[in-house]
Every structure is written in structure tokens, then in C-alpha cells.
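Fold and geometry: a report
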There are 2 protein chains.
Amino acid sequence: MLSNSSKYAIKAVLFLALNSKDNKKIMVKDISEPINVPQAYIAKLLQELSKKNIISSSRGPKGGFYLSNANMDNSLMDIINIIDGEKRLQACVLSLEKCNLEKPCPLHELVYPIKTKFIKVLQDRTIKEFSTLIKQGKVFLPF
Amino acid sequence: MLSNSSKYAIKAVLFLALNSKDNKKIMVKDISEPINVPQAYIAKLLQELSKKNIISSSRGPKGGFYLSNANMDNSLMDIINIIDGEKRLQACVLSLEKCNLEKPCPLHELVYPIKTKFIKVLQDRTIKEFSTLIKQGKVFLPF
DNA sequence: TCCTAAATATGATTTTTGTCATATTTTAAT
DNA sequence: ATTAAAATATGACAAAAATCATATTTAGGA
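Note that this is a predicted model, so its numbers are computed, not measured.

1. Side note on the pattern of salt bridges
All names here are of chain A. If you walk through the whole model with that rule in mind, you get four salt bridges over all chains. The salt bridge partner of K29 is D30, with a shortest N-O separation of 3.9 Å. Taking relative accessible area as the criterion, K29 reaches 43% and is therefore assigned partly exposed. With relative accessibility at 36%, the residue D30 sits in the partly exposed group.

2. Observations regarding the side chain of B:K7
Inspection of the secondary structure puts B:K7 in helix α1 (residues 4-19). Buried within the structure, B:K7 lacks any salt-bridge partner; its nearest side chain of opposite charge belongs to B:D84, at an N-O separation of 8.7 Å.

3. Examining the protein's contact with DNA strand C
Every one of the 25 residues lining DNA strand C counts as a neighbour, but A:Y41, A:P61, B:K44, B:Q47 and B:S57 are closest to it. Counted by atom, the contact set of DNA strand C within 4 Å of the protein is 63% sugar and phosphate. Here a phosphate oxygen of DNA strand C and a backbone polar atom of B:V28 are 3.0 Å apart. The contact in question runs from a sugar or linking oxygen of DNA strand C to an N or O atom on the side chain of B:R59, over 3.2 Å. For the surface near DNA strand C, the secondary-structure elements that each account for two or more residues are α1 (4-19) and α3 (39-51) of chain A together with α3 (39-51), β1 (56-58) and β2 (64-66) of chain B.

4. Observations concerning the protein's contact with DNA strand D
As a structural note, the neighbourhood of DNA strand D is formed by 25 residues, with A:K44, A:Q47, A:S57, B:Y41 and B:R59 the closest of them. In DNA strand D, the atoms that sit within 4 Å of the protein are 62% sugar and phosphate, with bases accounting for the remainder. In this structure, B:S5 approaches DNA strand D through a side-chain N or O atom, which is 3.4 Å from a phosphate oxygen. Of all the elements in the fold, those that place two or more residues in the surface near DNA strand D are α3, β1 (56-58) and β2 (64-66) of chain A together with α1 and α3 of chain B.

5. Things to note about the interface of chain A and chain B
Accessible area lost on assembly of the parts is the figure often given for the size of an interface. Chain A puts 34 residues into the contact, and the matching count from chain B is 34 residues. Summing both partners gives a buried area of about 3100 Å² for chain A against chain B, and 77% of it is carried by carbon and sulfur. Contact with chain B buries surface across chain A, with A:P106, A:F140 and A:P142 losing the most and accounting together for 20% of the total. Here chain A and chain B share zero salt bridges between them. In this structure, the connection of chain A to chain B is made through six residue pairs in polar contact (both at pLDDT 80 or more). If you list the elements that add at least two residues to the side of chain A that touches chain B, you get α1, α5 (108-124) and α6 (127-135) of chain A. A per-element tally of the side of chain A that touches chain B places α5(A) first, with seven residues. The residue inventory of the side of chain A that touches chain B, partitioned by class, reads 26 nonpolar, one polar and seven charged.

6. Some thoughts on unusual backbone geometry
With a phi close to 65°, A:K62 is a non-glycine residue in the positive phi region. By secondary structure assignment, the location of A:K62 is in the loop between β1 and β2. The exposure class assigned to A:K62 is exposed, which follows from its relative accessible area of 80%. Not every positive phi belongs to a glycine, and B:N53 is a case in point at roughly 65°. Following the sequence through the fold, B:N53 ends up in the loop between α3 and β1.

7. What about the packing of aromatic side chains?
Residues and elements named next belong to chain A. Evaluated as defined, the whole model comprises two aromatic pairs over all chains. When the centroid spacing of 5.2 Å and the interplanar angle of 80° are considered together, the rings of Y8 and Y41 count as edge-to-face. Of the two residues, Y8 is situated in helix α1 and Y41 in helix α3; the sequence distance between them amounts to 33 residues. Note on Y8: relative accessible area 18%, which makes it buried. For Y41, a relative accessible area of 31% gives the class partly exposed. The ring centre of F130 lies 5.4 Å from the NZ or CZ of R125, which sits over that ring.

8. Describing the environment of B:R88
All names here are of chain B. Secondary-structure assignment places R88 in the loop between α4 (76-84) and α5 (108-124). A C-alpha to C-alpha distance of 26 Å links R88 and L67, two positions 21 residues apart in sequence. Setting aside anything within four residues of it in sequence, one finds R88 in contact with M1, L2 and S3. Engagement of the side chain of R88 in a polar contact is seen with the backbone oxygen of M1, the distance being 3.1 Å.

The rules we used
- Think of each chain on its own: its residues are numbered from 1, step by step along the sequence as written.
- Here every chain gets a letter starting at A, and every ligand a number starting at 1, in the order they are written.
- Only residues with pLDDT of 70 or above have their local features reported here, since the model is predicted, and side-chain atom pairs are shown and tallied only from 80 upward, although totals for entire chains, interfaces and linings are computed over all residues.
- Based on all heavy atoms of the structure, the side-chain values leave hydrogens and waters out of the count.
- A pair is scored as a salt bridge if a Lys or Arg side-chain nitrogen falls within 4 Å of a carboxyl oxygen belonging to Asp or Glu.
- Classification of residues uses two cut-offs on accessible area relative to the type maximum, computed with a 1.4 Å probe and protein chains only: under 20% is buried, over 50% is exposed, and between them is partly exposed.
- Counting from the N terminus, the helices are the DSSP runs of H or I reaching at least four residues and the strands are the DSSP runs of E reaching at least two.
- Positive: Lys, Arg. Negative: Asp, Glu. His and the chain ends are not part of the count.
- Only heavy atoms are used to decide nearness, and a residue is near a molecule or strand if one of them lies within 4 Å of it.
- Counting of polar contacts relies on pairs of N or O atoms within 3.5 Å, with two restrictions inside protein: one atom must be capable of donating a hydrogen and the other of accepting it, and residues adjacent in sequence are counted only when both atoms are side-chain atoms.
- Between two residues, a contact is recorded if the distance between any of their heavy atoms is within 4.5 Å.
- The term buried area refers to how much accessible surface (probe radius 1.4 Å) is lost by two components on association, counted for both of them together.
- Gly counts as polar in this scheme, as do all residues outside two lists: the nonpolar Ala, Val, Leu, Ile, Met, Phe, Trp, Tyr, Cys and Pro, and the charged Asp, Glu, Lys and Arg.
- Two aromatic rings from Phe, Tyr or Trp, using only the six-membered ring of Trp, form a pair when their centres are within 6.5 Å; if the ring planes differ by under 30 degrees the pair is stacked, by over 60 it is edge-to-face, and anything between is tilted.
- Geometrically, a lysine NZ or arginine CZ counts as sitting over a ring once it is within 6 Å of the ring centre and also within 35 degrees of the ring normal.

See the structure below:
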């Protein structure tokens with residue numbers, strides 16, 4: 001479904017959403033530890049997201065990663081698309097290339113509607129909205 | 001979600017459900033080709049399923065793999081559990097160990113009900129029932 | 001009984017994913 | 001300007017998943 005890398009990236013971005021600001025940058029080692037992901041690994045992922053403008057960063061002393069207000073309007077799907085590519089989530093559960101509405105595979109009818117809904121939420125809900133839900137204590141990040 | 005191996009195994013078993021019987025065994029090479037999976041690979045998976053009595057086999061000339069009537073009452077989940085282990089499908093979307101109903105992760109509320117439904121169908125519907133749906137032309141196996 | 005056709009057992013190889021290491025570049029503070 | 005602290009770029013390494021190869025065992029038929 002989601003690669004490990006995507007999951008890590010999502011965790012990191014949500015962490016940044018809650019704990020960083022333009023004037024409060026966080027360096028990798030202070031991200032990797034709380035979210036429980038190896039530092040060198042998450043560093044690589046954050047760099048990739050930064051290059052694609054999903055998150056922001058600045059170098060040098062007092063540097064680090066953070067989310068700008070614009071970054072907060074991105075979706076989790078933006079992250080997934082960058083890390084996993086666009087096809088992974090879309091593919092048929094059984095990886096049947098020719099599976100479609102006309103010739104649905106045996107699991108298509110079951111999976112299609114629920115996957116569509118899943119993808120829609122990933123696309124439509126912003127990082128900011130997730131952040132709000134967490135702050136309100138409605139959902140949690142039990143890293 | 002499902003490993004490649006599970007998908008291959010499911011394809012093979014559904015193929016056997018449609019094309020084999022006690023008195024009509026099929027050898028690996030005549031399974032691997034139509035379902036479009038490398039012979040040596042699917043052979044290994046079929047052996048594993050055979051050992052766990054999900055499918056049947058006999059060696060020697062006129063031997064091959066087939067589904068007995070009893071085999072037809074198994075579920076796709078039986079296959080998945082053997083190939084992928086029991087935890088893979090159950091795990092939190094974000095792989096957060098501590099994610100649960102009390103401390104749901106940000107995607108829990110979205111994913112939990114749909115995954116539960118998915119798992120239920122995989123568990124409850126028999127191979128025989130899938131086979132019937134395919135024979136009735138209601139679903140397809142576009143290998 | 002012997003030969004041959006099949007699955008089975010075992011493990012080697014390759015590819016992909018995940019992880020780690022390090023030299024380079026940028027920037028703030030002195 | 002110089003230094004030190006940070007991200008960045010690049011690529012090496014490890015682990016897991018996928019794939020392939022082969023020797024062994026079993027069973028049917030001549």
C-alpha cells in the first residue's frame with residue numbers, strides 16, 4: 001500500500017506541522033528521534049521533499065526544516081506521490097493491468113469504492129487540517 | 001498491502017479453481033504460462049500452499065496441482081496468511097504500533113472500517129464462491 | 001523392474017527497498 | 001573573513017523480496 005519511506009515521510013511532515021514554523025526550524029536529529037526513524041534515512045527523505053517544495057529548509061547555523069504556511073496546504077498525497085510515485089496506490093489489488101470497470105477482477109467491486117474514498121481523503125485534506133485534528137486531541141501521533 | 005507473492009498465489013489458486021479437478025491435475029508449466037508468472041516462482045508458492053493443504057498435488061507422471069472439493073472451501077485469506085503472514089494486513093496504515101481505537105492515528109478513522117470490511121470478505125468468501133462469480137461472468141480474471 | 005514425468009527441497013542469484021556514511025555547500029555569528 | 005553548524009549531494013552497504021536453478025523424491029506406465 002504505502003512504502004515504508006512514505007510512512008516515514010508522513011510522520012516527519014506531521015511532526016513538522018505541529019512543532020515547526022518559519023521562525024522555528026528543526027534539524028534532522030531533532031526530528032528523527034521523536035518520530036523514531038533513523039536520522040540518515042529521514043534526512044534523505046526530507047531533502048527530497050524540500051527539493052519538491054513540500055516542506056521548507058534552510059542551511060547553516062540556526063537552519064533546519066520547517067513548514068511554511070504554503071506548505072501547510074499540501075496534502076498527504078503530495079508526499080506519497082513524490083516518495084512512492086503516482087502509480088503505486090492506483091494499481092489493482094491483484095496487480096492485474098487489465099482490471100477495470102468493464103472487466104473487474106474478483107476483488108474490484110469490493111476494493112474500488114473504498115480505495116477511491118481513501119485516495120480522496122489523502123488528496124483533499126490538507127496538512128493543516130490534520131494538524132488541527134491532532135491539536136484538538138481528536139487523533140494522535142503515537143510514534 | 002498484499003505482497004507480490006500473495007497476488008501470484010491468489011491468481012494461481014483461482015486458476016486452479018476454474019480449470020482443475022481431482023481427475024484433472026495441472027502441472028506448473030501449464031499454470032505459470034496463462035497466469036503470467038515465472039514458472040519456478042509459482043512452483044515454489046504452490047508447493048508451500050500444498051504443504052499447508054490449501055491446494056492438492058500429486059507427483060510423478062500424470063501428476064500436478066488441483067483443488068479438491070475441500071480445498072474449494074478455503075478463503076483467499078488462508079492463502080494470504082500463509083504467504084504474507086498474519087500481521088501484514090492487520091497493521092496500521094502508518095505502521096504505528098500503538099495506533100488503536102483509543103489513540104487512533106490521523107488515518108485510522110478513515111482506514112479502519114474499510115479495511116475491516118475488506119478483511120471480512122477475504123475471510124468469508126470461499127474459493128468456490130469466487131469461482132462461481134467468474135463462471136457467471138460477473139467478474140473476470142484478466143491475467 | 002526400470003524409465004520417465006512430475007512435484008519437492010534446498011539454496012543461489014538478482015532486484016528492490018531500506019539504511020548508513022561522508023564530502024560538499026551554504027549561512028549565521030563572531 | 002573565519003569558523004562552525006546546518007542542509008545537500010552522492011553513493012556505498014545491508015536486508016528483504018522476488019526470481020531462478022538444480023538435485024532429489026515419488027509415482028505411473030512400459
